[in-house]
Structure formats: structure tokens, C-alpha cells
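The chain contents come next:
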Amino acid sequence: MATPSSRDAVDDIVEAWERERPQLDFSPLKILSRVTRLARQLERTRRASFGVAGLETWEFDVLAALRRAGAPHELSPKALLEQTGVSSGTMTNRIDGMVRRGLVERRGDPNDGRGVLVSMTADGRARVDAAIADLVAAEARLLSGLSAADQERLAALLRRLALDMG
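Source: prediction; values computed, not measured. (Residues numbered from 1 in each chain as written. Predicted model: local features only at pLDDT ≥ 70, side-chain atom pairs only at ≥ 80, totals over all residues. Heavy atoms only, no water.)

### Focus: helix α3 (residues 57-68)
Here comes step 1: In this model, α3 (12 residues) spans 16 Å end to end at C-alpha, consistent with the 16 Å of a helix rising 1.5 Å per residue.
Here comes step 2: Regarding α3, the residues found buried are E59, F60, V62, L63, A64, A65 and L66.
Here comes step 3: Where α3 ends, the next residue or the one after it, G70, has phi of about 80°, a positive value. (Helix = DSSP H or I, 4+ residues; strand = E, 2+ residues; numbered from the N terminus. Expected span 1.5 Å × (residues − 1). Buried < 20%, exposed > 50% of the residue type's maximum accessible area, 1.4 Å probe, protein only.)

### Comments concerning the pattern of salt bridges
Here comes step 1: The final tally for this structure, using the stated rule, is 14 salt bridges.
Here comes step 2: Linking D11 and R34 is a salt bridge whose minimum nitrogen-to-oxygen distance equals 2.8 Å. Of the two residues, D11 sits in helix α1 (residues 9-20) while R34 sits in helix α2 (residues 27-52), which places them 23 residues apart along the sequence.
Here comes step 3: Classification of R34 as partly exposed rests on a relative accessible area of 24%.
Here comes step 4: The network of salt bridges with shared partners includes R7, D12 and E15. (Salt bridge = Lys/Arg side-chain N within 4 Å of Asp/Glu carboxyl O.)

### Overview of the packing of aromatic side chains
To describe a pair of aromatic rings, one takes the distance between the centres and the angle between the planes.
Here comes step 1: Summed over the entire model, instances satisfying the criterion amount to two aromatic pairs.
Here comes step 2: Pairing W17 with F26 gives two aromatic rings, centres 5.9 Å apart and planes at 20°, and the pair type is stacked.
Here comes step 3: A centroid spacing of 4.1 Å and a plane angle of 15° characterise the contact between F50 and F60, whose relative ring orientation is stacked. Remark: F60 occurs in helix α3 and F50 occurs in helix α2; sequence separation between them is 10 residues. The pair F50 / F60 is uniform in exposure class, with both members buried. (Phe/Tyr/Trp six-rings, centres within 6.5 Å; stacked < 30°, edge-to-face > 60°.)

### Examining the pairing of strand β2 (residues 104-109)
Residues in a regular strand point their side chains to alternate faces of the sheet.
Here comes step 1: Pairing analysis gives six bridges linking β2 to strand β3 (residues 112-120), with the strands arranged antiparallel. Note that in β3 the partner of R106 across the bridge is V118.
Here comes step 2: The turn linking β2 back onto β3 is made up of two residues. (Pairing = 2+ DSSP bridges.)

### Overview of the side chain of E74
Here comes step 1: As for its placement among the helices and strands, E74 is situated in strand β1 (residues 74-75).
Here comes step 2: A distance of 2.7 Å separates polar atoms of two side chains, one belonging to E74 and the other to R107. (Polar contact = N/O pair within 3.5 Å; in protein donor to acceptor, adjacent residues only side chain to side chain.)

So, in C-alpha cells, the structure goes:
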């Protein structure tokens, strides 16, 4: 049981449910309600980090995929949609918007006459680099209350949970 100084809103919610429905096991809420609340906080943190670089979350996702691809920082639209998990229509619209903003360019694939490659512009690279630097610093601050060992254990547990849910 949490001490009064270490209680959070989830403790109160679970306690109320246990009082109202004592026949149910609310232990999943103790974990997954916190994961949901942490996800909301992380989403706010990420939007702020991407905003520092003048990017929307979806723009960061595309630019990050291109940046992680390594030089020359280009991928096919199909590879981009596979990495970002969106439909081909959505990816087309995203690429169109990013071309208009000067973040990416389209060019013919030299290895496939019908193919297209999306490449990051210098502005796109500068923005994604600024965004990821701000993000890792902000996320490190969020995790600063946990020791390095606790962070490793938590990462391993979350990985296992994600794979089991997979």
C-alpha cells in the first residue's frame, strides 16, 4: 500500500473501485492507468520538443525515419509508411505538405525508373536534429527520479509487456 506522501490519483481511483466492486481484481489498473497517464504527459513533452523545432509530431516521425536511415537520408514512400504506421494516402498527403514546407524533396529512384525517393532537405535535417536533442533532454528530466538501474529494469519490463501484447 502506498504511503500518504507517495499516493497518486491512480491509488485513489483503484481504492474507490475496490470499495465499490470488491469482487473484482483491480491490479491491472495500478499499472495500465499509470501507463496511460504517463503516455499523456509524454505526448505533451514530445509536442513541446517538436514545437521548439517548428515541427508537428507527424513531421518529426517522417524526418526521424529519414534521419535514422543514414546518409543520404532518403527512403521510398512505402518504407516511410511502414516505419510510421500510416496509410499510403496519409503518407502522400504528409509528404506533399512537407515538400511545400521545404522539409523534404521527392526525386526519382535511380534504381527504379518508376520509383520515387523522399529525401530530407538541410532545413528538415536541422529541425529534426534540434527536436531530437530537445526531446532526449526533456525525457531524461522526466526519468530523473529513477536510478539508471531502475530505468533499465523498467525498460526491460515494458519491452516484455509490449512484446506480450504485440
